[in-house]
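Here is how the chains run, residue by residue.
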Amino acid sequence: MCGAPVTRRGQLGTVEPTVVLTIGATDSSGGSALQADMRTLAALRMHAACVVTAVLSRNTRGTSDVYAQPTTVVAAQLGSVLEDLPVAAVKTGMFPTAEAVVAVAARARTGALPNLVVDPVLTTRSGSRRGLIAAFERLLPHAVVVTPDREEASALLGWEVVTPADMAGAAAQLAAGGAQYVVVTGGDFVAGGEAIDVLWADGAARMLHSPRITSRNIDGSGPTFATAIAARLAAGDPPPDAVAWAKGFVGRAIGDAAEWRIGSGAGPIDQFGWSALTLR
Ligand SMILES: Nc1ncnc2c1ncn2[C@@H]1O[C@H](COP(=O)(O)OP(=O)(O)O)[C@@H](O)[C@H]1O
Ligand SMILES: Cc1ncc(COP(=O)(O)OP(=O)(O)O)c(N)n1
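Treat the numbers as computed from the prediction; the structure is a model and nothing was measured.

So, how was this worked out
- Residues numbered from 1 in each chain as written.
- Chains lettered and ligands numbered in written order.
- Predicted model: local features only at pLDDT ≥ 70, side-chain atom pairs only at ≥ 80, totals over all residues.
- Heavy atoms only, no water.
- Pairing = 2+ DSSP bridges.
- Helix = DSSP H or I, 4+ residues; strand = E, 2+ residues; numbered from the N terminus.
- Near = heavy atom within 4 Å.
- Polar contact = N/O pair within 3.5 Å; in protein donor to acceptor, adjacent residues only side chain to side chain.
- Areas by Shrake-Rupley, 256 points an atom, 1.4 Å probe, with all protein chains shown as cover.
- Nonpolar A, V, L, I, M, F, W, Y, C, P; charged D, E, K, R; others polar.
- Axes fitted to C-alpha atoms, helices over the stretch in contact; angles between N-to-C directions.
- Parallel < 35°, antiparallel > 145°, perpendicular 65-115°, else oblique.
- Left-handed = near helix turned anticlockwise from the far one by under 90°.
- Contact = heavy atoms within 4.5 Å.

S.K.: Lay out the pairing of strand 11 (residues 204-211) with the relevant residues and their values.
M.R.: Alignment of strand 10 (residues 194-201) against strand 11, held across 8 bridges, turns out to be antiparallel. Note on strand 11: the bridge partner recorded for Ile196 is His209. Taking the residues that link successive antiparallel strands as the turn, the strand 10-strand 11 hairpin has 2 residues, and the phi of Asp202 there is positive, at about 50°.

S.K.: Give a description of the site of ligand 1 that names residues and reports values.
M.R.: Neighbouring ligand 1 are 15 residues, the closest being Asp149, Thr185, Gly187, Asp197 and Ile213. Contact distances for ligand 1 include 2.7 Å between an oxygen atom and a side-chain N or O atom of Asp149. If ligand 1 stood free it would expose 550 Å²; the protein chains cover 88% of that surface. Looking at the shell around ligand 1, the elements with two or more residues in it are strand 10, helix 7 (221-234) and helix 8 (239-256). Split into classes, the residues belonging to the shell around ligand 1 amount to 6 nonpolar, 5 polar and 4 charged.

S.K.: Give me the packing of helix 5 (residues 150-157) against helix 6 (residues 164-176): which residues, what numbers.
M.R.: The contact between helix 5 and helix 6 brings their axes to 10 Å, and the two run at 50°. Taken together, helix 5 and helix 6 sit at an angle that is classed as oblique. The two elements helix 5 and helix 6 cross, and the hand of that crossing is left-handed. Contact residues: Arg150, Ala153, Leu156 and Leu157 in helix 5; Met167, Ala170, Gln173 and Leu174 in helix 6. A per-class count over the contact of helix 5 with helix 6 returns 6 nonpolar, 1 polar and 1 charged.

Functional significance is not addressed by these values, which are geometric in nature.
Following this line, the structure appears as structure tokens:
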């Protein structure tokens, strides 16, 4: 391919990958956080630019330490990426401090973060959780899609989100706070054989159903889902289509990793479809 012209999608010739920026923590186990985002983007043939907010000492049994990057370092990474790379979508994950969220929100306010997907992970390294929630309230209005799970939605809203009806109410309330589309995910909601998420789109709640897979390997499901949404937005999908597609993608990735035994706890999922390649 040396010397071949590089062209954009939809044209003939070598395809140049779309760039998606992911902002979040690194995970030493490789299962979740930035590593899950990067695998997802690579599987979808997109280039991942990465802003590191924190370094997690983590394995399949849990997180033992969080080292927060100084906010100046987060802002410097973000500035470097944005002044040079053609970022088509942005996904955010874990922020260790409210200050780091506010720094990213300030950039979002200028319109510098296109197709923003916010996964409001509420683990904090320093300061109060309340401070982190207040900071997210400044970021969420700039998001195209917000993807809290039930626990995150509960914390953001101050009431307990339990049932699918609660998830619909929570999604509506979060959308009223400014996000265009909200998906409250219910991966941990065990009722029947379905994984139920609730999407708030265009003034109404829709239940999204998929088969619920029994597996201990679910690490990185949340980041994978949010990043796949960002990738599909970057490719031009309308948000509801991007969400539906991402739900299918993450379900397939969970299912394909169900037999893996990487670590003694919740292991990674199979974004690349490796199991399908080797076993079927
Ligand atoms: N066991 C499962 N089977 C099928 N889909 C799942 C399963 N667990 C999670 N999902 C899906 O993965 C996505 C992430 O959801 P969730 O696990 O609730 O997020 P988080 O990891 O942030 O808590 C959602 O689309 C959810 O429905
Ligand atoms: C410290 C820390 N822990 C977990 C995550 C990812 O959170 P979540 O979105 O709940 O996704 P799962 O990996 O649990 O599916 C994180 N970013 N940081």
